[in-house]
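# Structural characterization, general
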Amino acid sequence: QLNLSLSKCTVLHASQESKITEYTIYSLSLLTSSTVRDLGVFISNNLKPSTHCQKIAADAMKVSACIFRNFLNKETDFLKHMYLAFVLPKVSYATVVWSPWLKKDINVIERVQRSYTSKIPEIKGSYAERLKLLNLQSLELRRLLIHIRKYSKYRKLS
């Protein structure tokens, strides 16, 4: 008995077949799209996370720029806390669903943290050195550890 908002309904064809089926509800045709957003995750018809990675990286970069532009405090601890509170959640949300496996997508996401840490005035050196000084992990390692923890939970249950 739930009313559907037909303007928000979209069909995503995730198939290798070129045949496109038209779907209707209440005799109204549903829109077809190559990418849909569901619960904050962009899913494309090829099921690769590239679109999602590009969109969240762009969003995270905007938030990063906003932090550096609008706060006068450039102390390391303050900037690290701002990163952990406002930027990291953008690139970490639902990673179990969209975790990238293509190197280009991994680099797009990693570029967010690489860029942010390079703008902290008191922190110098390579990306690995900056991460060590800030006591952070690379985003790729962080995603892998989340997957390991998630799947080790399931192994214990079986």
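It should be noted that the structure appears before, not after, this text.
Basis of the calculations
- Residues numbered from 1 in each chain as written.
- Predicted model: local features only at pLDDT ≥ 70, side-chain atom pairs only at ≥ 80, totals over all residues.
- Heavy atoms only, no water.
- Helix = DSSP H or I, 4+ residues; strand = E, 2+ residues; numbered from the N terminus.
- Rg over C-alpha atoms; globule rule 2.2 N^0.38 Å.
- Buried < 20%, exposed > 50% of the residue type's maximum accessible area, 1.4 Å probe, protein only.
- Bend = angle between axes of the 7 residues up to and from the residue.
- Polar contact = N/O pair within 3.5 Å; in protein donor to acceptor, adjacent residues only side chain to side chain.

Here we take up the overall build of the protein chain. The helix and strand tally for the protein chain stands at 6 helices and 6 strands. The helix and strand sequence of the protein chain, counted from the amino end, reads β-β-β-β-β-β-α-α-α-α-α-α. Relative to the compact-globule value of 15 Å for 158 residues, the protein chain shows a C-alpha radius of gyration of 20 Å, a clear excess of over 25%. The dimensions of the protein chain, computed from C-alpha atoms along their principal axes, are 60 × 45 × 35 Å. Scored against the burial criterion, the 158 residues of the protein chain give a buried share of 33%.

Turning to helix α2 (residues 76-92), a few remarks are in order. Where α2 bends most, the angle comes to about 40°, and this point is Leu84. Remark: Ala94 follows α2 within two positions and exhibits a positive phi of approximately 60°.

What follows covers the side chain of Ser44. By secondary structure assignment, the location of Ser44 is in strand β6 (residues 41-44). A polar side-chain atom of Ser44 sits 2.5 Å from a polar atom in the side chain of Asn46. One polar contact links the side chain of Ser44 to the main-chain carbonyl oxygen of Lys48, over a distance of 3.1 Å.

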